[in-house]
Protein chains: 2
Amino acid sequence: MDHNSVGKITPQTFRFACAQAPMTLVSGHTMGPVDIVFETYGEPNADRSNAILICHALSGDHHAAGYHDPHDRRNGWWDAMIGPGKAFNTDRYWVICSNIIGGCNGSTGPCSVNPATGEPYGLDFPVVTIGDMVYAQRQLIEHLRIPRLFCIAGGSMGGFQVLEWALRYPDMVRAAICIASAPRLSAQAIAFNAVGRSAITRDPEWKEGKYGGRGPEKGLATARMVGHITYLSQIVLDAKFGRRLQSADRFSFNFASEFAIESYLNHKGSAFTRRFDANSYLYITKAMDYFDISRSYGPLKEAFERVTARCLFVSYSTDWLFTTSQTKEMVRAMLSNGQPASFVEIDSEYGHDAFLVEEEKLTRIISGFLTGADQGVTA
Amino acid sequence: MDHNSVGKITPQTFRFACAQAPMTLVSGHTMGPVDIVFETYGEPNADRSNAILICHALSGDHHAAGYHDPHDRRNGWWDAMIGPGKAFNTDRYWVICSNIIGGCNGSTGPCSVNPATGEPYGLDFPVVTIGDMVYAQRQLIEHLRIPRLFCIAGGSMGGFQVLEWALRYPDMVRAAICIASAPRLSAQAIAFNAVGRSAITRDPEWKEGKYGGRGPEKGLATARMVGHITYLSQIVLDAKFGRRLQSADRFSFNFASEFAIESYLNHKGSAFTRRFDANSYLYITKAMDYFDISRSYGPLKEAFERVTARCLFVSYSTDWLFTTSQTKEMVRAMLSNGQPASFVEIDSEYGHDAFLVEEEKLTRIISGFLTGADQGVTA
């Protein structure tokens, strides 16, 4: 038994935006009802001022810590960061994580049933933005009677949500932790997303999004393979796989998966299709492509003026998908406004994935930041 | 009329390895007959000591300079480098370029007819290596009664062939120019090739390589899209495309190709399927993955001991597929052996593609190197 675990967790569902009062999206479309699946760890204090919202990335979900069943092979995706005595210390904080809308793990998304037709939405699901995801999260936070989040934290696309919260609802966020993220995707990152979407929509099993059963598994697997390459640095790929062959020392002289890296990617691609929905992949990557602080709020310096949260920015030295220089753009904007922004570039070989695997360094930095933010509250 | 053009060119075909004496491949398989399609520019001198062999990259072919028809929209792929007064000066040198075996532009490859069955080879075509490609080129060079190549030059996978020539047939190569290449593919480069192959073989139209007609166009397009991203630097992607939308200022909120980079990649992917064969893509990328100087010839320092050619190595500052540090490994090996190796890293924003688009800088460097090598001959 792990005494640092939040233990057995049961996800909950919150429904809002009923048919009479649907949610209006950034695109202008309306949608309802909307379900949000979420988990909480730790307990609220008397005035609910100790809530921390954790935002997940592209392939994550609401199950951030603990386990659903003692026989689970894996705990929540950020279990090393959330629990008693951990970075997000559940002895002190009430931690919440919700599945984004557009996702495929319980919150309303393209595989949910469209009330207008009684069939899964498929491509009739409206295109959602990071702003829409955050609006939906806000409904949940109000439902939980949280007047203001003590902190909001997330990496990668989770960092987009953190930024959107701090910009859109400044009064609701006391502290913000934006990890391995950016004010917008680069052209290269959009390009990789475009390849992934293209692989899915070119798969004949996709059927314009109206697939039943297993769907465009091959296209989705290809998309995931591309993604995985971008999450890792050249250094870690060389160190972990190099040119090693998977099962023999001699070349096979055929087209079987032969190099260890090839076998790894094929495995990751196939495994992903068993837990993720292809249409959700389209919607979520599109939301990422659309995210652009400057487009929504003006030039960065001006945009950040509205932010009142203390901000911590973390980047990783070998992350080439969300680079340190992109993070620095935001830090520079805040500092030039005289706003409280902390910035750490963590030296890591793991590339973008570092925020999910190098918990020790991140724990020290986040613990320190939260202690400072906490004192800021009581001071 | 371009006075610097080699003018109208007619490709020729050389056949060797008849059924009675087939070619034995590195894998141990045999193959025959083997056709090599090639072009020549300029004229041989009396003792045929002025021949330069140009080696093409993954998607290139034997048509390196001039035009086939005055109405051609594009000249040969290295037309800016080959011609009267150009880097490879056809007033002085006899320049030859041949299509690699395994390719799809005339030389024997998986879409050629298998004499054993009367049907296209498909996957019955044996897996060929860079060594096999170079062996076949050597048969052509002997057929052309060239005792020794004055120079051999190529970029990317063309550089692999340059290196293989210099290592395998040292007596046949007087000077070698290896551009934007490496002693072996990195794990990341293998990973991108693996994604491309996976996209092709997962396309139901691939049919285990036995497709007739258009074949797995969607898979091939996806493979090409991935490739294109790796050929360009982040800098040039940002400068050329950034986050610009293709045809409107407002988001479409649908899954049409919307960002300019997305549209560009989709276009490049589709265009590629009209000129390239999917099985060839599998075979050629596999040959690239297999290339590894150290595996064939021992540690680099030891391997290069056999090289007698003067070598010029060129890398590009923003090339992340074939990095400067990979080129430096080879330069260091030669210099520590006291061998004549020149090295230039060209400052460029174009990434790996620079060797195909930044001809001016390359021309100055190659002209100087060839002049030196030429004097070396007459000295």
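Up top is the structure.
Quick caveat, the model's predicted, so the values are computed rather than measured.

Placing chain B over chain A gives an RMSD of 0.0 Å and needs a rotation angle of 180°, together with 0.0 Å of translation along the axis. Expressed as an axis order, the relation between the two copies is that of a two-fold axis. Taken together, the interface assignments show that 100% of the residues at the interface of chain B recur at the interface of chain A, consistent with an identical surface on both copies.

How big an interface is tends to be reported as the loss of accessible area on association of its parts. Of the residues lining the interface, 56 residues belong to chain B; the matching set on chain A comes to 56 residues. Buried surface at the junction of chain B and chain A, summed over both partners, amounts to about 5,000 Å²; 66% is from carbon and sulfur atoms. Across the chain B-chain A interface, the total number found is six salt bridges. For A:Glu262, the salt bridge identified is with B:Arg197, shortest N-O distance 2.9 Å. Elements represented by at least two residues in the side of chain B that touches chain A include exactly α3 (187–201), α4 (217–231), α5 (234–240), α6 (260–273) and α7 (278–290) of chain B. The dominant element in the side of chain B that touches chain A, judged by the number of residues it contributes, is α3(B), at 10 residues. In terms of residue class, the side of chain B that touches chain A is built from 30 nonpolar, 12 polar and 14 charged.

Within the structure shown, the criterion is met by 45 aromatic pairs over all chains. Here A:Tyr121 and A:Phe125 contribute two aromatic rings whose centre-to-centre distance is 5.1 Å and whose plane-to-plane angle is 80°, an arrangement assigned as edge-to-face. Accessibility assignment for this pair places A:Tyr121 and A:Phe125 in one class, buried. Their ring planes at 15° and their centres at 4.8 Å tell us that A:Phe272 and A:Phe276 sit as a pair that is stacked. Grouping aromatic residues by their ring pairs yields a cluster made of A:Trp77, A:Trp78, A:Phe88 and A:Phe355. A cation sits over an aromatic face here: B:Arg138 above B:Tyr169, 4.6 Å from the ring centre.

Residue and element names in this part refer to chain B. Spatial strand order, β1-β4-β8-β5-β11-β12-β13-β14: eight strands in an open sheet with mixed pairing. One side of each edge strand has no neighbouring strand; the edge strands of this open sheet are β1 (12–16) and β14 (341–346). Mean inter-strand twist for the sheet, computed between neighbouring axes without regard to direction, equals 20°. With four bridges joining them, strand β5 (residues 51–55) and strand β8 (residues 94–98) adopt parallel strand pairing. Looking across to β8, one finds that isoleucine 54 is bridged to cysteine 97. Strand contacts of helix α1 (residues 130–143): β1, β4 (34–41), β5, β8 and β11 (149–155), with the helix running at about 105° to β1, the strand carrying the most contacts.

Turning our attention to the pattern of salt bridges. Two side chains of opposite charge can pair, provided their charged atoms sit close to one another. Residues and elements named next belong to chain A. This structure, assessed with the given rule, holds 28 salt bridges over all chains. The residue arginine 184 makes a salt bridge to glutamate 329 at a minimum N-O spacing of 3.4 Å. In this pair, arginine 184 sits in the loop between β12 (175–179) and α3 (187–201) while glutamate 329 sits in helix α10 (residues 324–336), placing the two residues 145 residues apart along the sequence. For arginine 184, a relative accessible area of 19% corresponds to the buried category. Here lysine 207 ties to glutamate 205 by a salt bridge, and the two come within 3.8 Å at their closest N and O atoms. Judged by its relative accessible area of 41%, glutamate 205 is partly exposed.

Moving on to the pairing of strand β5 (residues 51–55) of chain A. All names here are of chain A. The buried fraction of β5 amounts to five of the five residues, a majority that puts the element mostly inside the structure. The two faces of β5 match: Ala51, Leu53 and Cys55 on one face and Ile52 and Ile54 on the other face are all buried. Judged from the four bridges that link them, β5 and strand β11 (residues 151–155) form a sheet pairing that is parallel. Opposite leucine 53, over in β11, you have isoleucine 152 as the bridge partner.

What counts and how
- Residues numbered from 1 in each chain as written.
- Chains lettered and ligands numbered in written order.
- Predicted model: local features only at pLDDT ≥ 70, side-chain atom pairs only at ≥ 80, totals over all residues.
- Heavy atoms only, no water.
- Least-squares fit on C-alpha atoms with pLDDT ≥ 70 in both.
- Contact = heavy atoms within 4.5 Å.
- Buried area = accessible area lost by both parts, 1.4 Å probe.
- Salt bridge = Lys/Arg side-chain N within 4 Å of Asp/Glu carboxyl O.
- Helix = DSSP H or I, 4+ residues; strand = E, 2+ residues; numbered from the N terminus.
- Nonpolar A, V, L, I, M, F, W, Y, C, P; charged D, E, K, R; others polar.
- Phe/Tyr/Trp six-rings, centres within 6.5 Å; stacked < 30°, edge-to-face > 60°.
- Buried < 20%, exposed > 50% of the residue type's maximum accessible area, 1.4 Å probe, protein only.
- Lys NZ or Arg CZ within 6 Å of the ring centre and 35° of its normal.
- Pairing = 2+ DSSP bridges.
- Axes fitted to C-alpha atoms, helices over the stretch in contact; angles between N-to-C directions.

None of the figures reported here should be taken as evidence of function without further support.
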